[in-house]
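What follows is each chain in one-letter form.
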Amino acid sequence: MMDISIVGTGYVGLVSAAGFAEKGHNVVCVDVDEDKVELINNKKSPIYEEGLGEILSVVCDRNLKATTDLESAVNSTEVTFICVGTPSGDDGVVDLRYIRGVSADLGKILSKKDSYHVIVVKSTVIPGSTEDVVIPLVEKNSKKKASSDFGVAMNPEFLREGAAVEDFANPDRIVIGALDQKSGDMVEQIYFDFTAPVLRTNVKTAEMIKYTANSLLATKISFINEIGNMCKEMGIDVYDVAKGVGMDHRISPSFLRAGPGFGGSCFPKDVSALVYKANKIGIKPILLESVLKVNSMQPLRVFELVKEKYGPLEGVQISVLGLAFKPGTDDMRYSPAISIINSLVSSGAKIMAYDPQAIENAKKIFGDSIEFASSAEKALKDSSLALILTDWEEFKNIDYSVMKEKRVFDTRKIVKTDLLPDDVEYEGLSW
């Protein structure tokens, strides 16, 4: 077992920390947010991720703790994972301020540490960032040399929000991009108890694998959404089409579910970042730019169909079911619900929204421009339209009897239509 410190307690950092601790490693979480640190030490998760709270309730009594003291965490461990955020602007430029800050701090700490220490970048960074940003800052502040005095590796994550705990425990592959053999070997030792195949590469390749994987998955989503828009106009169910296409082993059915567009902390910013990088090096990323364009237009497609079928919307009470960008998480980042709701509000509609987990995050975005309900049933009361934006399991079979007008517009094909009463008018986004 190894002693590991993890900087950053967001989705990646905290899930990784809990997962490594569950495997028996001694883990120290580091975060500048004292409230997060206190929550973790009290066995509570500052984020919602299915199964995460249960793991913390066990490992926090045993081999996981949190602190704001980076120096003590690094000095008491052999390996430090950098899991801080790497947000990007609308132009795709990745903001590396947190990466830079942690790298400089690690360098200062390592300047006084005698034993060999490995720094592992797990944050998503554009190819070249570890070698061009992280290593120079650590070397400058430590007065030491990478490879000989300390180790460096890139270990990208492939976690799906809402299923991150399961994905961490059962990964498809483990990618380790190391600056040298010793660094890679130490990181691989951490994963000794995992059954997934391990791919060893150089640092830059590992960085590119992460961006390529996310961009390909985003492409599949935009592709099936574009096909779905065509199917709607031709009276074809795109879900049947996707099923037939997905049976081809070369394609698979994964990420072929049409809907209002992709969101979350990864796909939008990662595709944008890769587009920006491509342009910087003189490559015109025509396909990836189209992926982003299709995705930006999909929420507008939802709004236009709603306005066309049920408009005018002035004064109409609409129940929005689902705010998070996907089920299993409270994450509202880049959620299609944001632009759809804003468009509805601008058209004069009155919104009563419900989500099993994301209401508190949604309140920060919408303020008092919309209202929130504590259940789906309360959200539906006296409304003229139910708009389903996230495919939470509980939305499969809902009692619509309390609605003023029993009309349902489903963007995810989550409703069990065979159980709907005859007086409920049902419409789908892509079928």
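For the structure, check the block above.
Presented here is an overview of the structure given in this document. (Residues numbered from 1 in each chain as written. Predicted model: local features only at pLDDT ≥ 70, side-chain atom pairs only at ≥ 80, totals over all residues. Heavy atoms only, no water.)

## Looking at the overall build of the protein
Scanning the protein from N- to C-terminus turns up 15 helices and 14 strands. Its C-alpha atoms give the protein a radius of gyration of 23 Å, within 12% of the compact-globule value 22 Å for 431 residues. Burial analysis of the protein (431 residues in total) assigns 55% to the buried set. Sequence-distant contacts in the protein: of pairs separated by 6 or more residues, those separated by 24 or more amount to 69%. About 19,100 Å² of surface is accessible on the protein, with carbon and sulfur atoms providing 51% of the total. Side chains of the protein carry 49 positive and 62 negative charges; the gap between the two charge centres is 3 Å. (Helix = DSSP H or I, 4+ residues; strand = E, 2+ residues; numbered from the N terminus. Rg over C-alpha atoms; globule rule 2.2 N^0.38 Å. Buried < 20%, exposed > 50% of the residue type's maximum accessible area, 1.4 Å probe, protein only. Contact = heavy atoms within 4.5 Å. Areas by Shrake-Rupley, 256 points an atom, 1.4 Å probe, with all protein chains shown as cover. Lys, Arg positive; Asp, Glu negative; His and termini not counted. Charge placed at Lys NZ, Arg CZ, Asp CG, Glu CD.)

## Structural notes on the side chain of S272
Relative to the helices and strands, S272 resides in helix α11 (residues 267–280). Those residues in contact with S272 that sit more than four places away from it in its chain are G92 and L292.

## With respect to helix α1 (residues 11–22)
Since the α-helix packs 3.6 residues into each turn, any two residues three or four apart lie on the same face. Taking 1.5 Å per residue as the helical rise, α1 with its twelve residues ought to reach 16 Å, and the 16 Å between its terminal C-alpha atoms agrees with that figure. Within α1, eleven of the twelve residues are buried, which leaves the element mostly enclosed by the surrounding structure. Among all positions of α1, only Y11, V12, G13, L14, V15, S16, A17, A18, G19, F20 and A21 are buried. At the exit of α1 stands G24, carrying a positive phi of roughly 110°. (Expected span 1.5 Å × (residues − 1).)

## Remarks on the sheet that holds strand β10 (residues 350–354)
Pairing within the open sheet is parallel, and its six strands lie in the order β11-β10-β9-β12-β13-β14. Single-partner strands in this sheet number two, and they are β11 (371–372) and β14 (425–428). Note that strand β13 (residues 407–410) and β14 share four bridges and pair parallel. By the bridge assignment for β14, R407 is matched with E425. Each of β9 (317–321), β10 and β12 (385–388) touches helix α13 (residues 336–346); the most contacted strand, β10, lies at about 155° to it. (Pairing = 2+ DSSP bridges. Axes fitted to C-alpha atoms, helices over the stretch in contact; angles between N-to-C directions.)

## What about a nonpolar patch on the surface?
A cluster of nonpolar side chains, M230, M234 and I236, forms an exposed patch at the surface whose accessible area comes to about 290 Å². Positionally, I236 belongs in the loop between α9 (203–234) and α10 (238–246). (Patch = residues over 30% accessible without salt bridge, like charges linked within 9 Å, V, L, I, M, F, W, Y side chains within 5 Å. Salt bridge = Lys/Arg side-chain N within 4 Å of Asp/Glu carboxyl O.)

## Focus on the side chain of S265
Relative to the helices and strands, S265 resides in the loop between α10 and α11. Looking at S265, the relative accessible area reads 14%, which means it is buried. A polar side-chain atom of S265 sits 3.0 Å from a polar atom in the side chain of E161. Ignoring sequence-local partners within four residues, the contact set of S265 consists of E161, D331 and R333. (Polar contact = N/O pair within 3.5 Å; in protein donor to acceptor, adjacent residues only side chain to side chain.)

## Concerning the environment of E50
Considering the arrangement of structural elements, one finds E50 in the loop between α2 (34–41) and α3 (52–59). Under the relative-accessibility criterion, E50 is labelled exposed at 51%. Sequence separation between E50 and I281 is 231 residues; the distance between their C-alpha atoms is 40 Å. Not counting residues within four places of it along the chain, the set of residues in contact with E50 comprises G162, V165 and G328.

## Let's talk about the packing of α9 against helix α12 (residues 286–310)
Relative orientation of the contacting elements α9 and α12 amounts to 50°, with a least axis distance of 9 Å. When the axes of α9 and α12 are compared, the pair comes out oblique. Our pair here, α9 against α12, has a crossing hand that is left-handed. Here S215, A218, T219, S222, N225, E226, N229, K232 and E233 of α9 come into contact with α12, specifically with L288, V291, V294, N295, Q298 and R301. Classifying every residue of the contact of α9 with α12 gives four nonpolar, seven polar and four charged. (Parallel < 35°, antiparallel > 145°, perpendicular 65-115°, else oblique. Left-handed = near helix turned anticlockwise from the far one by under 90°. Nonpolar A, V, L, I, M, F, W, Y, C, P; charged D, E, K, R; others polar.)

## A few points about the pattern of salt bridges
Applying the stated criterion across every chain, the model contains 24 salt bridges. A salt bridge links E427 to K232; its shortest N-O distance comes to 2.4 Å. Here the residue E427 occupies a position in strand β14, and K232 occupies one in helix α9, the gap between them amounting to 195 residues. Both residues of the pair, E427 and K232, count as buried. Measuring nitrogen to oxygen at the nearest pair gives 3.5 Å for the salt bridge that ties E425 to K309. Of this pair, E425 sits in strand β14 while K309 sits in helix α12, placing them 116 residues apart in sequence. Counted as one network, the salt bridges with shared partners bring together K232, K309, E425 and E427.

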